[in-house]
Amino acid sequence: MTFELGSTMRVMRPYPNILAFYDGRIPGMRAHSPKPNWLDDGAFTLGCCSFAIVEGDEALVYDTYMSIGHARIVRQTLEQQGVRHMRVILSHWHTDHVAGNEVFGDCEIIASPLTHQALADNREWLENNDPPIKPLVMPTTILPGETTLHVGPTEVEVRFLDIHSHDGTVLLLPKSGVLLAGDTLEDTVTYVVEPERVANHLRDLARMESWSFSRILPNHGSFERIAAGGYGREFITATRLYVEKLRGCAENPALADLPLREFAADALATGGIDYFDAYEPVHRHNLEAVRALS
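For clarity, every value in this text was computed on a predicted model and none was experimentally measured.

Thresholds, definitions, all that
Residues numbered from 1 in each chain as written. Predicted model: local features only at pLDDT ≥ 70, side-chain atom pairs only at ≥ 80, totals over all residues. Heavy atoms only, no water. 1 Å grid on protein atoms, 1.4 Å probe; cavity = no way out; pocket = protein on both sides within 12 Å on 5 of 7 lines; lining within 4 Å. Points joined across faces, edges and corners; volume = space filled by probe spheres on them. Helix = DSSP H or I, 4+ residues; strand = E, 2+ residues; numbered from the N terminus. Nonpolar A, V, L, I, M, F, W, Y, C, P; charged D, E, K, R; others polar. Phe/Tyr/Trp six-rings, centres within 6.5 Å; stacked < 30°, edge-to-face > 60°. Buried < 20%, exposed > 50% of the residue type's maximum accessible area, 1.4 Å probe, protein only. Lys NZ or Arg CZ within 6 Å of the ring centre and 35° of its normal. Salt bridge = Lys/Arg side-chain N within 4 Å of Asp/Glu carboxyl O. Pairing = 2+ DSSP bridges.

**A short note on the layout of surface pockets**
And step 1. Its volume calculated, the largest pocket comes out at about 470 Å³.
And step 2. Lining the largest pocket are 22 residues, and of these Trp-38, Asp-41, Gly-42, Tyr-191 and Val-193 lie nearest its centre.
And step 3. When contributions to the lining of the largest pocket are tallied by element, the ones reaching two or more residues are α1 (38-44), α3 (95-98) and α11 (280-291).
And step 4. Quantified by volume, the second largest pocket comes out at close to 160 Å³.
And step 5. Lining the second largest pocket, in full, are Tyr-15, Pro-16, Asn-17, Glu-55, Pro-153, Thr-154, Glu-155, Leu-173, Lys-175 and Ser-176.

Set out below in structure tokens:
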């Protein structure tokens, strides 16, 4: 069964200056098509959240969401709350993070050089996917490197990470100790899209662990956890344990026969993540991707 895109989206305010726009993880519900497609199987079924840092009439939107319909609701919600000056910053180039760019086409759209290049390199694929992102509206501002932005009085540190995708961009709010993590951390488990870079992922998970912050808001996670202020630092530990175990499948092939709940038992025991059965196919994909390298 399919539904109008955005009709089930829920808006929450986990922090006074952060709005979260959540959709998906609804049993038996698909947003686009009964056939396999990126919107349902890579975003809606797993649960997807976009964020906006809001101060007065200013907002910094972190990703434009998985459809035009969702992006329109994000923009309308912000405008109804008095926002008149919007900027967008992209966490990385993947479909469910850039599909709504067109709705913000009159705004500054900020991206890292790697994200801009990945969008350019994959533009034909993105515009002819199912569903298509057409036209793909490109970033207008390319960051020269890690930087600090301001939304009113709120300082936002823009940092780059090679986790999940080589072009990850995360936002750290030092005053409140909150990290907007994009897809660098995902509950239940990370989606290994670039298996040849798993060593880089582990390196940057360690780098993230060295930073000072207390709460994490991911783009794919539990509605309840995000609404309550996000995840703790155990989220990083859980992700690291899972990725390390994936790498260990080369030496211990029997691990690949385990279902996700058993494979990730040590990660789940940290309390940093929760088991969600929709991640079983993601886990199988991850195993196949990593084993294909050996």
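**Section: empty space enclosed by the protein**
And step 1. Scanning all chains against the criterion turns up two cavities of 30 Å³ or more.
And step 2. When residues of the lining of the largest cavity are traced back to their parent elements, those giving at least two are β10 (165-173) and β11 (178-182).
And step 3. In terms of residue count, the dominant contributor to the lining of the largest cavity is β10 (four residues).
And step 4. By residue class, the composition of the lining of the largest cavity is four nonpolar, eight polar and one charged.

**So, the packing of aromatic side chains**
And step 1. The tally for this structure, following the rule as stated, stands at five aromatic pairs.
And step 2. Taking 5.6 Å as the distance between ring centres and 70 degrees as the angle between the ring planes, the aromatic pair formed by Tyr-242 and Phe-263 counts as edge-to-face. Of this pair, Tyr-242 sits in helix α8 (residues 234-248) while Phe-263 sits in helix α9 (residues 260-263), and the two are 21 residues apart along the sequence.
And step 3. Under the relative-accessibility criterion, Tyr-242 is labelled buried at 2%.
And step 4. Since its relative accessible area comes to 0%, Phe-263 is described here as buried.
And step 5. The ring of Phe-223 is capped by Arg-10, whose NZ or CZ atom sits 3.8 Å from the centre of that ring.
And step 6. The residue whose ring lies beneath Lys-245 is Phe-263, and the NZ or CZ to ring-centre distance is 5.5 Å.

**A look at the pattern of salt bridges**
And step 1. Tallied over the full model, the rule gives 13 salt bridges.
And step 2. One salt bridge connects Glu-127 with Arg-123, and the closest N-O pair in it is separated by 3.5 Å. Here the residue Glu-127 and the residue Arg-123 both occupy positions in helix α5 (residues 123-127), the gap between them amounting to four residues, near one helical turn.
And step 3. Take Arg-123: its relative accessible area is 34%, and that puts it in the partly exposed class.
And step 4. In this structure, Glu-194 engages Arg-197 in a salt bridge whose closest nitrogen and oxygen atoms are separated by 3.6 Å.
And step 5. Residue Glu-194 is classed as buried on the basis of its relative accessible area, which comes to 10%.

**Some details on the pairing of strand β6 (residues 108-111)**
For a regular strand, the rule is simple: side chains alternate between the two faces of the sheet.
And step 1. Here strand β5 (residues 85-89) runs beside β6; their pairing, made up of three bridges, is parallel. What sits directly across from Val-88, in β6, is Ile-109.
And step 2. In terms of strand pairing, β6 meets strand β7 (residues 141-142) through two bridges, oriented parallel. Residue pairing for β7: Ile-110 is matched across the bridge by Thr-141.

Remember that the coordinates give geometry; whether it matters functionally is a separate question.
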